[in-house]
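Examination of the molecular architecture
Residue strings, one per chain:
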Amino acid sequence: LEGEYAHLPSIPEGLKNTLKELNSSQQRSQSLSQPRSVLLLLAGVQGSGKSTFGQLLERHAPTPWKRICQDNIRDDGKSGSRAQCIEKARAALLGIDSSEDAQTQRLSKPHSAASVVIDRTNLNKDQREDFIRLAEELKVLVTVCAEEI
């Protein structure tokens with residue numbers, strides 16, 4: 001993998017291509033003085049590498065990324081809901097720290113918007129539809145990456 005993602009550990013070819021496309025799109029929008037966030041939906045069965053890829057992207061990408069995982073979105077050890085994932089994604093794309101309450105956020109410095117990677121199975125169109133609507137509403141680039149094992 002060339003350029004800014006060269007330091008990432010070995011990842012599947014399909015994901016490398018997705019990263020190249022996202023990087024190219026972000027560079028084009030930045031060259032127009034319009035930084036653009038991305039909503040990346042990972043689609044794949046359990047064990048296909050979605051979480052690993054999302055963690056790598058969040059830790060090592062040259063631009064800010066926030067990984068939203070339905071499996072660990074709640075503090076009580078139970079899986080969250082699609083609606084909770086959407087709200088976390090909205091907050092990250094808008095630069096709102098969803099872990100802080102509104103009063104704390106008013107007193108602290110503003111957070112910068114991040115691109116978001118959704119780490120859930122998203123196997124069919126119905127599961128992806130609400131996320132795509134969110135991206136359209138917020139006018140961010142949306143991409144679906146289907147992972148195979």
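As a reminder, the structure under discussion sits directly above these lines.
Right, let's walk through the structure included here.

What counts, and where the lines are drawn
Throughout this document, residue positions are counted from 1 along each chain, in the order its sequence is written. In keeping with the predicted nature of the model, local features appear solely for residues at pLDDT of at least 70, side-chain atom pairs appear and are counted solely at 80 or more, and the whole-chain, interface and lining totals rest on all residues. To obtain the side-chain values, all non-hydrogen atoms of the structure were included, while hydrogens and water were left out. Runs of E in the DSSP output that reach at least two residues are strands. Runs of H or I that reach at least four are helices, and both are numbered from the N terminus. Remark: exposure states derive from per-residue accessible area (1.4 Å probe, protein chains only) relative to the maximum for the residue type, with buried under 20%, exposed over 50%, and partly exposed in between. By definition in these notes, contact holds between two residues if any of their heavy atoms fall within 4.5 Å. Here the accessible surface of atoms and residues is derived via Shrake-Rupley with a 1.4 Å probe, and residues count as covered only by protein chains that are part of the display. Should DSSP find at least two bridges between two strands, the strands are regarded as paired. Axis lines are fitted to C-alpha atoms, over the contacting stretch for helices. Their N-to-C directions set the angle, which ranges from 0 to 180 degrees. Every angle not falling under 35 degrees, over 145, or within 65 to 115 is termed oblique; those three ranges are roughly parallel, roughly antiparallel and roughly perpendicular. The handedness criterion is simple: a crossing whose near helix is rotated anticlockwise from the far helix by less than a right angle is left-handed, and one whose near helix is rotated clockwise is right-handed. To form a nonpolar core, buried Ala, Val, Leu, Ile, Met, Phe, Trp, Tyr and Cys residues must be joined to one another through side-chain atoms within 4.5 Å. Any pair of N or O atoms that falls within 3.5 Å is considered a polar contact. Within protein, one atom must be able to donate a hydrogen and the other to accept it, and sequence-neighbouring residues count only if both atoms are side-chain atoms.

Focus: the overall build of the chain
Helix and strand counts for the chain stand at 5 helices and 4 strands. The linear arrangement of helices and strands in the chain, starting from the amino end, is α-β-α-β-α-α-β-α-β. Within the chain, the fraction of its 149 residues that count as buried is 39%. By sequence separation, contacts in the chain at least 24 residues apart represent 65% of the contacts at least 6 residues apart. Summed over its atoms, the accessible surface of the chain is roughly 8,700 Å², and 47% of this surface lies on carbon and sulfur atoms.

Observations concerning the sheet that holds strand 1 (residues 38-43)
A sheet is described by the order of its strands in space; here 4 strands give the open sequence 2-3-1-4, paired in parallel fashion. Pairing within the sheet leaves two strands with one partner each, and these edge strands are strand 2 (65-69) and strand 4 (141-146). Taking the axes of each pair of neighbouring strands and ignoring which way they run, one obtains an average angle of 20° across the sheet. Of the strand pairs in this sheet, strand 2 and strand 3 (residues 115-119) are connected by 5 bridges, and their pairing is parallel.

With respect to the packing of helix 3 (residues 82-94) against helix 5 (residues 125-138)
In a pair of packed helices, the angle between the axes and the distance between the axes together describe the arrangement. At a minimum axis separation of 11 Å, helix 3 and helix 5 run at an interaxial angle of 25°. Here helix 3 is positioned roughly parallel relative to helix 5, judged by the angle of their axes. Helix-helix and strand crossings are classified by hand; for helix 3 and helix 5 the assignment is right-handed. Of helix 5, the residues touching helix 3 (which contributes Arg82, Cys85, Ile86, Ala89, Arg90, Leu93 and Leu94) are Asp126, Gln127, Asp130, Phe131, Leu134, Glu137 and Leu138.

Considering the nonpolar core
Among the nonpolar cores identified, the biggest contains 16 residues, and Leu39, Val116, Ile118 and Phe131 are the most heavily contacted of them. Among the elements of the structure, strand 1, helix 3, strand 3 and helix 5 are those that each provide at least two residues to this core. For this core, the leading source of residues is helix 3, giving 5 residues. When residues no more than four places from it in sequence are discounted, the contact partners of leucine 39 are Val116, Ile118, Phe131, Ala135, Val140, Leu141, Val142 and Thr143.

Quick word on the environment of asparagine 122
Take asparagine 122: it is sitting in the loop between strand 3 and helix 5. Put simply, asparagine 122 and valine 45 are 77 residues apart on the chain and 8.8 Å apart in space, counted from C-alpha to C-alpha. Ignoring any residue separated from it by four or fewer positions in sequence, one finds asparagine 122 in contact with Leu41, Leu42, Ala43, Gln127, Arg128 and Phe131. Of the polar contacts made by the side chain of asparagine 122, one reaches the side chain of arginine 120; its length is 2.9 Å.

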